[in-house]
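Listed here are the chains, written in short residue letters.
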Amino acid sequence: MHKRIICIQASTMNQMLLDQVENLLSYGIEIVVVNDGDKQGGEYAQKIAAHKVHIIDHYTELGKGAAIKTGLNYISCHYQDFDQVLSIDADSEYDARVLASMLEKSEDFPQQLILLSRTYSDKAPFFTRLGKRLTKFLFKLSCGQGVVDVHGGVRIIPKKIIATLLGIKSMGWEFLIDMVVLAKRSRVNIVEVPMVLTYDQKHQRGLFVSLLESMRLSFLLVRFSIVGIVTALIDYFMFFVIYWIYPSLAVSLTGARLVSVFANYFAVKQFAFHNAGHIRETLPKYLLLATVSVTLGYALVNGLTNDLHLHLFMARIITDLVLFFVNFIIQRDFIFKRQLQLEN
């Protein structure tokens, strides 16, 4: 059986938190509570500490992500023989059966990130359901796997990704999304344990919040697009500069393309994917992809214009769109995949 530590993040030390701690003690798992800046709940803090629960205080409220990182850092420093951390937001909704199911899943998938995935009944408003689907779609597009609930407050975190998680800069609720994105890009699979909530007004998130989540999930795609646009501008600029110095079409095209290819490589590696891999590992793969992409692009344009009789301009647009997503997926999953430094 894998050893776990429970980490609860609480912005308020109250009776509800005390009841939660007492219920969790029945699992026989040690508990760490991070008090995110509450200075009014001293009475409840004493009662919780009386159960031999470790309490870590923030002087002021730092945010959900900061509380999770504080707990993970404390556990990593003071517990050497644990395998997973059951992270629980004190305000999260869950029941004993779902929590038991998550713990059971963690035995089968000890190296994966396990999420409590909240879904709503069919009575939820249209925009709430639309927001969920939009978030799932964008996560699948950006990271390769559709995840229903990327910001749920109950999750089981494997020890091997904690060091990497502590390096994430976000401090608020967005840390929950960044954790899932980092895990997926670090080749840690996401396992979801569903829990259906009966929709009522307090669950209402609306489309606006879902759009904020979706925008954050699409940042990778946006950065990749920006790099593509900047690279194209560099390509055109270098073409005119070289042609002005040495008026040869072949030399100008070749020189401009060489400059833009290497500029794109370094920009995509650093800006889009934040990849720290060595150049000798990623550059050969990138150059191979660039060569195949150019060849495939020529074949597609040729086929669309000659076989389907499309206008050259339309054929170029279709080809560029297809190659954009193909290149994005290959670079995301094979070339600039984040290499996780595993803990023992």
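Residues numbered from 1 in each chain as written. Predicted model: local features only at pLDDT ≥ 70, side-chain atom pairs only at ≥ 80, totals over all residues. Heavy atoms only, no water.

K.L.:
Residue-level account of the packing of helix α1 (residues 15–24) against helix α2 (residues 42–49), with values.
P.N.:
The geometry of α1 relative to α2 is characterised by a closest axis approach of 9 Å and an angle of 5 degrees between their N-to-C directions. Considered as vectors, α1 and α2 are oriented roughly parallel to each other. Mapping the contact onto sequence places Gln 15, Leu 17, Leu 18 and Val 21 in α1 and Tyr 44, Lys 47 and Ile 48 in α2. Classifying every residue of the contact of α1 with α2 gives five nonpolar, one polar and one charged. (Axes fitted to C-alpha atoms, helices over the stretch in contact; angles between N-to-C directions. Helix = DSSP H or I, 4+ residues; strand = E, 2+ residues; numbered from the N terminus. Parallel < 35°, antiparallel > 145°, perpendicular 65-115°, else oblique. Contact = heavy atoms within 4.5 Å. Nonpolar A, V, L, I, M, F, W, Y, C, P; charged D, E, K, R; others polar.)

K.L.:
I'd love a proper account of the pattern of salt bridges, names of residues and values included.
P.N.:
A full pass over the atoms with the stated rule returns five salt bridges. Measuring nitrogen to oxygen at the nearest pair gives 3.4 Å for the salt bridge that ties Glu 43 to Lys 47. Of this pair, Glu 43 and Lys 47 both sit in helix α2, separated by four residues, roughly a single helical turn. Classification of Lys 47 by relative accessible area gives partly exposed; the value is 36%. (Salt bridge = Lys/Arg side-chain N within 4 Å of Asp/Glu carboxyl O. Buried < 20%, exposed > 50% of the residue type's maximum accessible area, 1.4 Å probe, protein only.)

K.L.:
So what about the side chain of Ser 260? Which residues, and what values?
P.N.:
In this structure, Ser 260 sits in helix α10 (residues 249–272). Among the residues examined, Ser 260 registers a relative accessible area of 3% and is labelled buried. Reaching out from Ser 260, the side chain makes a polar contact with the side chain of Asp 235 at a distance of 3.0 Å. Here the side chain of Ser 260 touches Arg 257 through a polar contact of 3.0 Å, landing on its backbone oxygen. (Polar contact = N/O pair within 3.5 Å; in protein donor to acceptor, adjacent residues only side chain to side chain.)

K.L.:
How would you explain the pairing of strand β3 (residues 54–57) if you had to name every residue and give the values?
P.N.:
Taken together, the four bridges between strand β2 (residues 31–35) and β3 define a ladder with parallel strand orientation. Counted as the bridge partner of Val 32 is His 54 from β3. Following the chain from β2 across α2 to the adjacent parallel β3, one finds a crossover that is right-handed. (Pairing = 2+ DSSP bridges. Right-handed = clockwise from strand over helix to strand, strands pointing away.)

K.L.:
Can you explain the confidence of the model for the protein? Please cite residues and give values.
P.N.:
Regions with low pLDDT carry predicted coordinates that are not meant to be interpreted in detail. Of the residues in the protein, 82% reach a pLDDT of 70 or more, and the chain-wide mean stands at 81. Element-level mean pLDDT values for the protein span from 50 in helix α8 (residues 206–217) up to 96 in β2. A low-confidence stretch, residues 340–344 stays under pLDDT 50, and its non-local contacts, those more than four residues away or across chains, total twelve contacts. (pLDDT = per-residue confidence, 0-100.)

K.L.:
Explain the environment of Arg 185 to me, and be specific about the residues and the numbers.
P.N.:
Looking at the element boundaries, Arg 185 is found in helix α7 (residues 174–185). Spatially, the C-alpha atom of Arg 185 lies 6.1 Å from that of Lys 337, the residues being 152 residues apart in sequence.

K.L.:
I'd like a rundown of the packing of aromatic side chains, residues and numbers included.
P.N.:
The final tally for this structure, using the stated rule, is seven aromatic pairs. A centroid spacing of 5.3 Å and a plane angle of 55 degrees characterise the contact between Tyr 265 and Tyr 286, whose relative ring orientation is tilted. Remark: Tyr 286 occurs in helix α11 (residues 279–306) and Tyr 265 occurs in helix α10; sequence separation between them is 21 residues. Ring centres of Phe 324 and Phe 325 lie 5.1 Å apart, and the angle between their planes is 85 degrees; on these two criteria the pair is classed as edge-to-face. Taking the relative accessible area as the measure of exposure, Phe 325 reaches 35% and is therefore partly exposed. Here the aromatic residues Tyr 265, Phe 266, Tyr 286 and Phe 336 are joined through ring pairs into a cluster of three or more. (Phe/Tyr/Trp six-rings, centres within 6.5 Å; stacked < 30°, edge-to-face > 60°.)

K.L.:
I'd like a description of unusual backbone geometry, backed by residues and values.
P.N.:
One non-glycine residue with positive phi stands out, namely Lys 52, at about 60 degrees. With respect to the secondary-structure elements, Lys 52 resides in the loop between α2 and β3. Note on Lys 52: relative accessible area 77%, which makes it exposed. Despite not being glycine, His 309 shows a phi value in the positive range, around 60 degrees. Topologically, His 309 is positioned in the loop between α11 and α12 (312–335).

K.L.:
Which residues make up the environment of Pro 158, and what values do they have?
P.N.:
With respect to the secondary-structure elements, Pro 158 resides in strand β6 (residues 154–158). When neighbours within four sequence positions are excluded, Pro 158 is seen to be in contact with Asp 83, Gln 84, Pro 110, Gln 111, Gln 112 and Leu 113.

K.L.:
Lay out the environment of Phe 266 in plain terms, naming residues and giving numbers.
P.N.:
Inspection of the secondary structure assignment puts Phe 266 in helix α10. Phe 266 gets classed as partly exposed once you look at its relative accessible area, which sits at 39%. Sequence separation between Phe 266 and Ile 279 is 13 residues, and the spatial gap between their C-alpha atoms is 9.3 Å. Look past the residues within four positions of Phe 266 in its chain and what remains in contact with it is Phe 271 and Ile 279.

K.L.:
Tell me about the pairing of strand β4 (residues 84–89), residues and numbers included.
P.N.:
Where burial is concerned, most of β4 is hidden: six out of the six residues are buried. Side chains Gln 84, Leu 86 and Ile 88 of β4 all project onto a buried face; the interleaved residues Val 85, Ser 87 and Asp 89 project onto the opposite face, where all are buried too. One ladder, built from six bridges, connects strand β1 (residues 4–10) with β4; its direction is parallel. The residue bridging Gln 9 from the neighbouring strand is Asp 89, located in β4. Across five bridges, the pairing between β4 and β6 is antiparallel. Residue pairing for β6: Ser 87 is matched across the bridge by Arg 155.

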